[in-house]
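Chain and residue survey
So the chains spell out like this:
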Amino acid sequence: MRASLLQIGVDPSESVNSRRARVASLVREQTGSDLVVLPELWPVGAFASDLFATEAEPLTGPTHDAMAAAARDAGVWLHAGSVIERSDDGALYNTALVFSPDGRLAATYRKIHRFGFDQGEAVLLGAGDRPVTVGLPGTTAGLATCYDLRFPELFRQLTAAGAELLVVPAGWPARRRAHWSLLARARAVENQCYVLACGTAGTYAGVQQAGHSVVVDPWGEVLAEAGPDEEVLTVDVDPATVTRTRADFPVLRDRVLGLDRP
């Protein structure tokens, strides 16, 4: 499986509509990939909480339409990062969208762990209440978003549900970049999964972004890593490596705590 992580630069001088069109064009260029991954809240910016209410959209809003068409045109599975979803009851969520190569919305995931410590996302957005996996050709992907990366119990549940790829779009700040790299590798090692962690570049809402999107294999080895600026990171991953790793070093069978066992 060839995966392309699109580390999008979020520039406050670029309108949301312009960035949406630009990102759709970038997705269409990834015709040689099987899976394309975008960052968290790239239309508005993960830290631009003052724009959340005005830029919120329904699941089938403009980002959905643009990304569905781009996935269909490129013939790829597309994890379109996340948007500020306005639900039917008016509540807001940080919601990830996954499209199949025919442009169908195959899965959604509402971010469970909200960042902010009683401000920003933590008070403005509702929380998701369930882990989500999605079947891809020959493998299963588990979905998580940014701050979720700090909560290993979510990833263990995804692994127990059959995940072999853990896909993590993010808007991670540069000042905690070391944690980003460390946690991506830790989630890969402890679950014997690939981790595809796709962040944003640039500075918005006064917060410099970490960039450094990364693909980690089930042994914790970094297969590819981006720099700090906008970049397309493409790497081949082999789901059979997960099976071999778990057979050669069957640590997951020795779990004692918890009810579910991968």
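By the naming in an unreviewed UniProt entry, the protein chain goes by Acyltransferase and is assigned to Streptomyces natalensis ATCC 27448. Recorded in UniProt for the protein chain, the comment headed Sequence similarities (unreviewed entry) runs: "Belongs to the carbon-nitrogen hydrolase superfamily. NIT1/NIT2 family."

The next thing to look at is the nonpolar core. Among the nonpolar cores identified, the biggest contains 46 residues, and Phe155, Trp172 and Leu196 are the most heavily contacted of them. Here this core takes 5 residues from strand β9 (residues 194-198), the largest share from any one element. If we ignore the near neighbours within four places in the chain, the residues touching leucine 196 are Ala3, Leu5, Leu35, Val37, Leu165, Leu166, Val167, Val168, Val214 and Val215. With 20 residues, the next largest nonpolar core counts Val23, Leu26, Met67 and Phe99 among its residues.

Across 5 bridges, the pairing between strand β4 (residues 92-99) and strand β5 (residues 105-110) is antiparallel. Within the sheet, the bridge partner assigned to phenylalanine 99 lies in β5 and is leucine 105. Counting the residues between successive antiparallel strands, the hairpin from β4 to β5 contains 5 residues, one of them, glycine 103, with a positive phi of roughly 85 degrees.

Time to look at the pattern of salt bridges. Here the idea is simple: oppositely charged side chains can pair when their charged atoms come close. Taken as a whole and assessed by the stated rule, the structure comprises 12 salt bridges. Across the pair arginine 187 and glutamate 190 runs a salt bridge whose closest N-O atoms are separated by 2.4 Å. With arginine 187 and glutamate 190 both in helix α6 (residues 177-191), this residue pair falls 3 residues apart, about one helical turn. Through salt bridges with shared partners, one network takes in Glu14, Arg19, Arg22 and Glu230.

A few words now on the environment of alanine 240. Positionally, alanine 240 belongs in helix α7 (residues 239-248). By relative accessible area, which is 32% here, alanine 240 ends up partly exposed. In sequence terms alanine 240 and alanine 205 are 35 residues apart; their C-alpha atoms lie 42 Å from each other.

Now for the packing of aromatic side chains. In this structure the tally under the stated criterion is 7 aromatic pairs. An angle of 70 degrees between the planes, with centres 5.3 Å apart, marks the rings of phenylalanine 115 and phenylalanine 117 as edge-to-face. According to the relative accessible area criterion, phenylalanine 115 is partly exposed, its value standing at 22%. Consider the rings of phenylalanine 117 and tyrosine 147, whose centres lie 6.4 Å apart with planes at 85 degrees: the pair is edge-to-face. Of the two residues, phenylalanine 117 is situated in the loop between β5 and α4 (121-124) and tyrosine 147 in the loop between β7 (139-143) and α5 (152-160); the sequence distance between them amounts to 30 residues.

A few words now on the side chain of lysine 111. Checked against the element boundaries, lysine 111 lands in the loop between β5 and α4. Looking at lysine 111, its side chain comes within polar contact range of the side chain of glutamate 121, at 3.1 Å. Once residues within four sequence positions are removed from consideration, lysine 111 is found in contact with Glu40, Asn94, Glu121, Gly126, Ala127, Gly128, Thr145, Cys146, Tyr147 and Asp148.

Running from N to C, α5 and α6 point in directions that differ by 40 degrees, and their axes come no closer than 10 Å. With respect to α6, the axis of α5 lies oblique. The handedness of the crossing between α5 and α6 is right-handed. Of the residues in α6, those in contact with Pro152, Phe155, Arg156 and Thr159 of α5 are Arg187, Glu190 and Asn191. Here the contact of α5 with α6 is composed, by residue class, of 2 nonpolar, 2 polar and 3 charged.

Let us look at the sheet that holds strand β12 (residues 214-216). Reading across from one edge, β6-β7-β8-β9-β12-β13 is the order of the 6 strands in this open sheet, with mixed pairing throughout. Of all the strands in the sheet, the pair left with one neighbour each is β6 (132-136) and β13 (222-225). Across the sheet, the axes of successive neighbouring strands diverge by a mean angle of 20 degrees, strand direction being ignored. Bridge analysis of strand β8 (residues 165-169) against β9 gives 5 bridges, and the strand direction is parallel. Within β9, the residue paired with leucine 166 across the bridge is valine 195. Against the sheet, α6 touches β8, β9, β12 and β13, its axis set at about 155 degrees to β9.

About the cut-offs
- Residues numbered from 1 in each chain as written.
- Predicted model: local features only at pLDDT ≥ 70, side-chain atom pairs only at ≥ 80, totals over all residues.
- Heavy atoms only, no water.
- UniProt positions renumbered as here; feature names shortened; annotations may be inferred.
- Core = buried A, V, L, I, M, F, W, Y, C linked by side-chain atoms within 4.5 Å.
- Buried < 20%, exposed > 50% of the residue type's maximum accessible area, 1.4 Å probe, protein only.
- Helix = DSSP H or I, 4+ residues; strand = E, 2+ residues; numbered from the N terminus.
- Contact = heavy atoms within 4.5 Å.
- Pairing = 2+ DSSP bridges.
- Salt bridge = Lys/Arg side-chain N within 4 Å of Asp/Glu carboxyl O.
- Phe/Tyr/Trp six-rings, centres within 6.5 Å; stacked < 30°, edge-to-face > 60°.
- Polar contact = N/O pair within 3.5 Å; in protein donor to acceptor, adjacent residues only side chain to side chain.
- Axes fitted to C-alpha atoms, helices over the stretch in contact; angles between N-to-C directions.
- Parallel < 35°, antiparallel > 145°, perpendicular 65-115°, else oblique.
- Left-handed = near helix turned anticlockwise from the far one by under 90°.
- Nonpolar A, V, L, I, M, F, W, Y, C, P; charged D, E, K, R; others polar.

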